[in-house]
Amino acid sequence: MPSLFITFEGGEGSGKSTQIRRLAARLGAAGRDVLITREPGGTPEAEAVRTLLVSGDVARWTPNSEALLNYAAREQHLEQVIRPALAAGRTVLCDRFMDSTRAYQGYAGGCAPSFIDALEKTIVGVTRPDLTLVFDLDPTVGLARARSRGDVVSEDRYERKGLAFHQKLREGFLDILRRDPTRCRFIDAAQDIEQVAIDVWSVVEGTL
Ligand code: TMP
């Protein structure tokens, strides 16, 4: 089977992780060798960078520093995990990838688009996802969900950034969808878990 690279994007509390596990089970049952991974993270070095990004004071990093840290982690992850897995014909499901930097640090954080473009071109290069599922949800609902499920509390730095940030973030993801409608597909994350899983499978099946 040919390799496949699928990324999951969206705001906080949009249910990506649950849907990744469900899709992995379904693709595994269909005979695919599936790898689930995440960003920032996926290698020991990238996980160490993740800790710097997701914890501590909200204003500890400038948006440009955040973009560079995310891209340092991404470079490690691509070289050590993602590219080798794709070369071995595996199906890689990644919880967040390059579009998160464009949305969080670019649209919501204010980094220049040209800076993000340059990082994306140099580090991601040709290893762009075959498919990106963008989970869309009203941030008031997403933030409440993220808080109520008691996500790792030490990892809430972005959740603490305030509603205006998360509204810009949602608009950013919607703009990414509009600009790349072939790769990126809209998923209505306000629906119940079963319906979201049906929608995810129908998009993925179309790609297969
Ligand atoms: P997670 O909680 O969905 O695992 O992601 C960790 C946080 O990191 C989340 O709040 C989004 C943020 N993030 C960025 O700001 N830029 C990035 O490039 C990535 C991959 C994540």
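The structure we're discussing is the one just above.
As the structure is a computational prediction, the values presented were derived from the model and not from experiment.

What counts and how
Residues numbered from 1 in each chain as written. Predicted model: local features only at pLDDT ≥ 70, side-chain atom pairs only at ≥ 80, totals over all residues. Heavy atoms only, no water. Near = heavy atom within 4 Å. Polar contact = N/O pair within 3.5 Å; in protein donor to acceptor, adjacent residues only side chain to side chain. Areas by Shrake-Rupley, 256 points an atom, 1.4 Å probe, with all protein chains shown as cover. 1 Å grid on protein atoms, 1.4 Å probe; cavity = no way out; pocket = protein on both sides within 12 Å on 5 of 7 lines; lining within 4 Å. Sits in = over half its atoms within 2 Å of the grid points. Helix = DSSP H or I, 4+ residues; strand = E, 2+ residues; numbered from the N terminus. Buried < 20%, exposed > 50% of the residue type's maximum accessible area, 1.4 Å probe, protein only. Pairing = 2+ DSSP bridges. Contact = heavy atoms within 4.5 Å. Salt bridge = Lys/Arg side-chain N within 4 Å of Asp/Glu carboxyl O. Axes fitted to C-alpha atoms, helices over the stretch in contact; angles between N-to-C directions. Points joined across faces, edges and corners; volume = space filled by probe spheres on them. Nonpolar A, V, L, I, M, F, W, Y, C, P; charged D, E, K, R; others polar.

Enquirer: Account for the site of the ligand, with residues named and values stated.
Expert: In the vicinity of the ligand there are 14 residues, among which Glu12, Arg50, Arg96, Thr101 and Gln105 approach most closely. Between the ligand and the protein, one listed contact pairs an oxygen atom with a side-chain N or O atom of Arg74 at 3.1 Å. Burial of the ligand by the surrounding chains reaches 90%, relative to a free accessible area of 480 Å². Among the detected pockets, the ligand sits in the largest pocket. The set of elements that each furnish at least two residues to the shell around the ligand consists of α2 (44–54), α3 (63–87) and α4 (98–108).

Enquirer: An account of the pairing of strand β4 (residues 131–136) is needed here, citing residue identities and associated values.
Expert: The element β4 is largely enclosed, with a buried count of six among its six residues. Here β4 shows two buried faces, one formed by Leu131, Leu133 and Phe135 and the other by Thr132, Val134 and Asp136. As judged from the five bridges shared by strand β1 (residues 4–10) and β4, these two strands associate in the parallel manner. Looking at the pairing, Thr7 lines up with Thr132 of β4. Summarising the sheet, β4 and strand β5 (residues 184–188) pair through five bridges and their orientation is parallel.

Enquirer: If you had to explain the side chain of Gln105 to someone new, which residues and values would you point to?
Expert: Along the chain, Gln105 turns up in helix α4. Given the relative accessible area of 2%, Gln105 is considered buried. Setting aside its immediate chain neighbours within four residues, Gln105 contacts Pro63, Glu66, Ala67, Asn70, Ser100, Gly110, Cys111 and Tyr158.

Enquirer: Mind laying out the pattern of salt bridges, listing which residues take part and the relevant values?
Expert: Tallied over the full model, the rule gives 19 salt bridges. Put simply, Glu155 and Arg50 hold a salt bridge, and the shortest N to O gap is 2.8 Å. Here Glu155, found in the loop between α6 (139–148) and α7 (163–179), pairs with Arg50, found in helix α2; they are 105 residues apart in sequence, far enough to count as distant. The class for Arg50 is buried, based on a relative accessible area of 11%. Taken together, the shared-partner salt bridges in this structure form one network comprising Asp99, Arg102, Asp117, Glu120, Arg128, Asp180 and Arg183.

Enquirer: Which residues make up the sheet that holds strand β2 (residues 34–38), and what are the values?
Expert: Taken in spatial order, the five strands line up as β2-β3-β1-β4-β5 in an open sheet, and their pairing is parallel. Looking at which strands have only one partner, the edges of the open sheet turn out to be β2 and β5. Each strand axis lies, on average, 20° off the axis of its neighbour in the sheet, ignoring direction. Of the pairings in the sheet, the one linking β2 to strand β3 (residues 91–95) comprises five bridges and is parallel in character. The residue bridging Thr37 from the neighbouring strand is Cys94, located in β3. Contacting β1, β2, β3 and β4, helix α1 (residues 16–29) crosses the sheet at an angle of about 170° to β3. α7 rests against β1, β4 and β5 of the sheet, and its axis sits at about 135° to β5.

Enquirer: Mind laying out the layout of surface pockets, listing which residues take part and the relevant values?
Expert: Within this model, the largest pocket holds a volume of roughly 800 Å³. When contributions to the lining of the largest pocket are tallied by element, the ones reaching two or more residues are α1, β2, α2, α3 and α4. Looking at the lining of the largest pocket element by element, the count peaks at five residues for α1. Looking at the lining of the largest pocket residue by residue, the class counts come to nine nonpolar, eleven polar and 15 charged.

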